[in-house]
Amino acid sequence: MASKATVLTAAAVVATGVVAYAVYFDYKRRNDADFRRKLRKEKKRVNKSVQQSKLEEEKSTAVNPEELRQALQAIKNEPMVPIEEREQFFMSQIALGEQMAAQGPSFYLPAAIAFFRALRIYPAPAELIGIYQSTVSPPVFKLVIEMTNMDVSSSSSPAARSAQLARDDSLDDISPVTDRVQGYYDYFPPKSKNVSVVPLASSTMTGVHQVLIVNKDFAAGETIYKEFPIVAALDYDLQIAGTHCTHCFREIPAGTAIQSEETSRVLLFAYCSKSCFNTSKQQSQSLLFTLESPLPEALMVGPTPTDTDEKRKEAQKAFIDSIKEDNTRSSRNVPTLIARFIARQVNKETAKLVRGTSMLDPTSSSENGAANGEATQSPIGDFTDAEEPQGNSSKANYTLADHTERWRSVDVTPPESDSKLLTSLLSTALPGLEEFTTVERHASMVGKVLYNAYGVCFGAEGRADRPVPSARPEDVEKTRTPYGTQKQVGSALYTLSAYLTHSCEPSARVVFAKGTTELHLVAEKPLKKGDVLTIAFVDVKQLEGESVVECRRRRRIELARGWRFACGCERCGEEAKVVEEPSAPAAAPATTQEESKAAADEAEKKFDDEKDTVAAAVKDAIASLAQNESLSIPVPKASSEEAPLEAEPEAPVQDQTAEEAETPLEAPKEAAEVDSNYATPLETPVRAAPVEPLPVVALEAVAEAAPEVETAEGEEEQPQVESSAPVAVEEEKTVPQPVEEPVSEEKTKIDGGEPSASPDVETPYL
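Residues numbered from 1 in each chain as written. Predicted model: local features only at pLDDT ≥ 70, side-chain atom pairs only at ≥ 80, totals over all residues. Heavy atoms only, no water.

### Concerning unusual backbone geometry
The bulk of non-glycine residues show a negative phi, and the bulk of peptide bonds are trans.
Point 1. The linkage connecting Phe188 with the following residue, Pro189, adopts the cis geometry, with an omega of 0 degrees.
Point 2. Relative to the assigned elements, Pro189 resides in the loop between helix H10 (184–187) and strand S1 (195–201).
Point 3. A positive phi is found at Phe249, a non-glycine position, where the angle reads about 70 degrees.
Point 4. Residue position: Phe249 is located in the loop between helix H11 (236–241) and strand S5 (258–259).
Point 5. Even without being glycine, Arg564 reaches a positive phi, approximately 60 degrees.
Point 6. Inspection of the secondary structure assignment puts Arg564 in the loop between helix H20 (548–563) and helix H21 (570–576). (Helix = DSSP H or I, 4+ residues; strand = E, 2+ residues; numbered from the N terminus.)

### Observations concerning the confidence of the model for the protein
Point 1. Per-residue confidence for the protein gives a mean pLDDT of 74; residues scoring 70 or more make up 64%.
Point 2. In the predicted structure, residues 581–591 sits below a pLDDT of 50 and forms zero contacts with residues beyond four places in sequence or in another chain.
Point 3. With pLDDT under 50 throughout, residues 629–766 is counted as low confidence; its partners more than four residues away or in other chains account for 109 contacts. (pLDDT = per-residue confidence, 0-100. Contact = heavy atoms within 4.5 Å.)

### Considerations on the nonpolar core
Point 1. One finds Leu212, Ile224, Tyr225, Leu521 and Leu533 to be the most contacted residues of the largest nonpolar core, which totals 93 residues.
Point 2. Per-element accounting of this core gives the leading share, eight residues, to helix H15 (residues 334–355). (Core = buried A, V, L, I, M, F, W, Y, C linked by side-chain atoms within 4.5 Å. Buried < 20%, exposed > 50% of the residue type's maximum accessible area, 1.4 Å probe, protein only.)

### Considerations on the sheet that holds strand S7 (residues 454–456)
Point 1. Across the sheet, three strands lie side by side as S4-S8-S7; this open sheet has antiparallel pairing. What marks the edges here is a single partner per strand, and that holds for strand S4 (231–234) and S7. On average, each strand axis in the sheet is tilted by 25 degrees relative to the strand beside it, whichever way the strands run.
Point 2. As paired elements, S7 and strand S8 (residues 490–493) share three bridges and run antiparallel to each other. Looking across to S8, one finds that Tyr454 is bridged to Ala492. (Pairing = 2+ DSSP bridges. Axes fitted to C-alpha atoms, helices over the stretch in contact; angles between N-to-C directions.)

### Notes on the pairing of S4
Point 1. Burial of S4 is two-sided: the residues Val231 and Ala233 facing one way and the residues Ala232 and Leu234 facing the other way are all buried.
Point 2. Where S4 meets S8, four bridges bridge the pair, whose relative direction is antiparallel. Along S8, the bridge assignment pairs Ala232 with Ala492.

### Overview of the side chain of Arg480
Point 1. For Arg480, the location among the structural elements is in the loop between S7 and S8.
Point 2. With no salt bridge to any partner, buried Arg480 finds its closest opposite charge in Glu227, at an N-O distance of 9.2 Å.
Point 3. Within the local environment of Arg480, its side chain forms a polar contact with the side chain of Asn452, the two groups lying 3.2 Å apart.
Point 4. A polar contact of 3.3 Å, which involves the side chain of Arg480, links it to the backbone oxygen of Ser497.
Point 5. Each residue touching Arg480, except ones within four places of it in the same chain, is listed here: Tyr451, Asn452, Ala453, Tyr454, Gly455, Ser497, Ala498, Leu500, Phe537 and Trp563. (Lys, Arg positive; Asp, Glu negative; His and termini not counted. Salt bridge = Lys/Arg side-chain N within 4 Å of Asp/Glu carboxyl O. Polar contact = N/O pair within 3.5 Å; in protein donor to acceptor, adjacent residues only side chain to side chain.)

### What to know about the pattern of salt bridges
Point 1. Applying the stated criterion to the full structure yields 26 salt bridges.
Point 2. Note that Arg466 is salt-bridged to Asp235, the shortest N-O span being 2.7 Å. Linking Arg466 in the loop between S7 and S8 with Asp235 in the loop between S4 and H11, this pair joins segments that are 231 residues apart in sequence.
Point 3. A relative accessible area of 7% means that Arg466 is categorised as buried.

### Quick word on H20
Point 1. End to end, H20 covers 22 Å across 16 residues, agreeing with the expected 22 Å (1.5 Å per residue, within 8%).
Point 2. If you check which residues of H20 are buried, you get Cys551, Arg554, Arg555, Glu558, Leu559, Gly562 and Trp563. In an axial view of H20, the angular spread of the buried residues amounts to 130 degrees, which keeps them on one side of the axis.
Point 3. On its buried face, H20 is in contact with helix H19 (439–452), strand S9 (501–502) and H21.
Point 4. Directly beyond the C-terminal end of H20, a positive phi value near 60 degrees is found at Arg564. (Expected span 1.5 Å × (residues − 1). Arc of directions from axis to C-beta.)

### Some thoughts on the sheet that holds strand S11 (residues 519–523)
Point 1. Read from one edge to the other, the open sheet built from three strands follows the order S3-S11-S10, with strand pairing classed as antiparallel. Strands at the two margins of the open sheet, each flanked by one partner only, are strand S3 (223–227) and strand S10 (508–511). Going across the sheet, the axis of each strand differs from the next one's by a mean of 20 degrees, ignoring polarity.
Point 2. Direction of pairing for S10 relative to S11: antiparallel, over a ladder of four bridges. Across the sheet, Arg509 pairs through a bridge with Val522, a residue of S11.

### Notes on the environment of Gln182
Point 1. As for its placement among the helices and strands, Gln182 is situated in helix H9 (residues 174–182).
Point 2. As for Gln182 and Ile129, which are separated by 53 residues in sequence, their C-alpha atoms are 8.9 Å apart.
Point 3. Apart from the residues within four sequence positions on either side, Gln182 is in contact with Gly130 and Gln133.

### A look at helix H13 (residues 274–289)
Point 1. Between its first and last C-alpha, H13 extends only 18 Å over 16 residues, short of the 22 Å set by a 1.5 Å rise per residue.
Point 2. In the structure, H13 departs most strongly from a straight axis at Lys281, where the bend amounts to approximately 60 degrees.
Point 3. Turning to H13, its buried residues number three or more, namely Cys276, Phe277, Thr279, Ser280, Gln283, Ser284, Gln285, Ser286, Leu287, Leu288 and Phe289. (Bend = angle between axes of the 7 residues up to and from the residue.)

### What about the packing of helix H4 (residues 86–101) against helix H5 (residues 108–121)?
The description of two packed helices rests on the angle between their axes and on the distance between the axes.
Point 1. The N-to-C vectors of H4 and H5 enclose an angle of 160 degrees; their axes lie 8 Å apart at closest approach. Looking at the two axes, H4 sits roughly antiparallel to H5. The chirality of how H4 crosses H5 is left-handed. Contacts from Arg86, Phe89, Phe90, Gln93, Ile94, Leu96, Gly97, Glu98, Met100 and Ala101 in H4 reach Tyr108, Pro110, Ala111, Ala114, Phe115, Arg117, Ala118 and Ile121 in H5.
Point 2. Here the contact of H4 with H5 is composed, by residue class, of 13 nonpolar, two polar and three charged. (Parallel < 35°, antiparallel > 145°, perpendicular 65-115°, else oblique. Left-handed = near helix turned anticlockwise from the far one by under 90°. Nonpolar A, V, L, I, M, F, W, Y, C, P; charged D, E, K, R; others polar.)

Shown next as structure tokens:
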């Protein structure tokens with residue numbers, strides 16, 4: 001108790017002293033001017049010391065811009081990481097960066113280099129930058145951003161500057177960049193689309209994905225949103241036929257198509273209206289398939305080289321020839337989609353340079369007129385873009401690259417020739433674009449297009465006259481369509497619909513109600529606010545004559561070939577538990593067994609009939625002999641005519657001993673040698689020629705007839721002897737027996753069936 005009182009007393013004294021000092025400090029601060037002056041000086045001194053420490057740390061960790069450029073150039077010169085090794089490479093670089101950053105300021109540059117290497121191969125670099133900001137130390141993160149800025153702005157040509165699709169002039173300030181990256185989904189998709197993008201662990205695909213949810217309730221059959229594509233590519237057979245519009249895919253009435261002589265020099269391009277013609281020309285045709293300058297006059301620098309037109313003609317012809325070859329084999333639209341996508345990017349960026357602002361793309365009104373038949377100054381007819389931010393320019397001007405870099409993709413290695421043809425097509429039209437069509441960037445774009453392209457289908461079932469590709473199913477392009485890729489008229493890319501995920505029981509369906517590339521997303525069932533939107537990437541209907549198991553297998557094979565994932569939706573899970581009822585083919589083995597037993601019974605009956613006939617004949621012969629001779633009945637030796645043992649009937653036959661009779665015949669050495677030349681061992685011994693059953697049946701007949709002869713002499717009746725009982729006969733050991741090859745179970749399996757004789761049936765000749 002005394003110690004407790006002492007502790008309490010000490011605590012009370014300390015508390016009283018602290019309170020007293022606080023009161024004194026507050027009194028002096030309020031009433032003593034000198035005391036306040038000393039406090040301010042002390043605070044300034046501490047702040048100055050802290051600031052000097054920060055400056056010294058920044059100076060020690062500062063990296064010369066030239067060092068960053070050299071490091072960046074070294075990274076660019078490194079060989080491209082193979083697709084199958086990218087995941088392991090990414091994880092190793094992240095681990096290396098964390099280890100380097102933990103060792104202090106002198107290792108910040110190597111850490112930044114490691115993080116930058118990982119950033120270059122990551123499918124969604126914008127999202128990874130956001131992760132870096134919250135996990136990587138600020139000095140290292142700043143170096144990564146500076147290297148990213150240098151990578152984007154390394155080119156100096158005007159054409160390349162016009163194609164810097166994701167460049168931001170405020171990269172020197174890290175905060176606006178990260179705000180721009182993380183704030184993307186605050187402005188996309190627009191509120192008018194009635195949907196939002198949220199991260200969610202998908203039940204149909206592994207991992208966390210950005211998915212679409214509805215922002216309000218929808219009834220079944222109600223349209224959720226409409227969307228126009230960024231770019232589209234008509235199927236080649238319809239392109240050369242001129243029956244559909246190259247831009248909007250609308251079917252063109254005979255004799256009303258609008259064409260251009262210049263573009264028709266390369267390939268037939270038909271349009272349903274003047275509006276579609278002008279829009280297509282501005283977006284991509286002018287750069288890709290004409291000899292016109294892709295840059296406005298305001299951006300032209302110097303005269304055009306005289307050989308430019310010839311080079312462009314050669315590049316355009318090579319590109320179109322490649323498309324022709326591809327479509328006779330595998331129906332590929334990806335090369336055309338990528339070429340038009342890059343051309344579309346260049347068009348938008350050059351328009352910004354000319355107008356000095358991010359005003360509406362001038363092609364929007366014409367595209368809207370093409371699709372809806374009316375002119376407007378709003379971007380309704382164009383692809384779904386981010387909303388314009390209010391009062392925060394750092395988040396404005398989201399580009400096409402901002403949309404596509406967030407798309408999911410598949411890992412593919414496209415033919416190197418595709419990259420070369422695309423580079424030649426673009427660089428001959430606009431020198432400098434080759435820097436944006438490297439093998440690595442081209443492979444990344446191909447993977448994104450393959451994963452996110454939609455198949456445009458008209459009508460309830462799509463078309464039925466699409467040419468069947470001759471390539472392997474694994475090499476044929478797949479597009480998202482509930483009717484199957486073979487039913488489409490062309491392929492298209494959409495910024496918003498790229499976030500739709502697959503389910504074999506989708507909550508919505510994609511339709512093209514107007515007969516154009518305008519996509520309508522329609523609710524398949526009643527939806528509540530917050531429900532996830534899913535569609536069918538493949539035909540999920542159970543086809544006629546297709547079982548549940550077969551339907552599930554077909555769907556999963558198509559998903560694996562096109563999108564490289566195994567569906568985990570509720571329907572697939574339930575169908576995996578289904579045990580299919582035995583079908584007609586499953587009953588075939590029972591029918592075969594019945595037939596086999598019937599055949600065995602028939603053979604047994606035939607054998608009994610033959611035995612009775614021979615037994616009667618032998619009985620008569622024995623009775624005749626018994627009258628003239630003794631009852632000792634010698635059995636004559638079998639002659640060569642009764643039991644031939646050689647495969648060739650003409651060859652002379654010698655009698656066999658009992659030991660020789662029990663030994664199976666072996667194959668001739670010559671036959672084995674012939675088979676060994678083809679690496680196929682001779683497994684079947686050579687069989688002897690068929691043997692008449694007379695000797696064996698005669699023995700059995702003798703066993704049955706002998707007792708009957710004794711009865712005829714007046715002796716008392718003897719019990720009948722079973723045919724299987726041993727019979728004492730003279731010279732039994734010398735009787736040659738027919739030799740039959742023993743049928744092994746292994747041999748029976750190799751021949752593809754069960755043994756022909758039933759175990760219940762006596763087999764002749766054995």
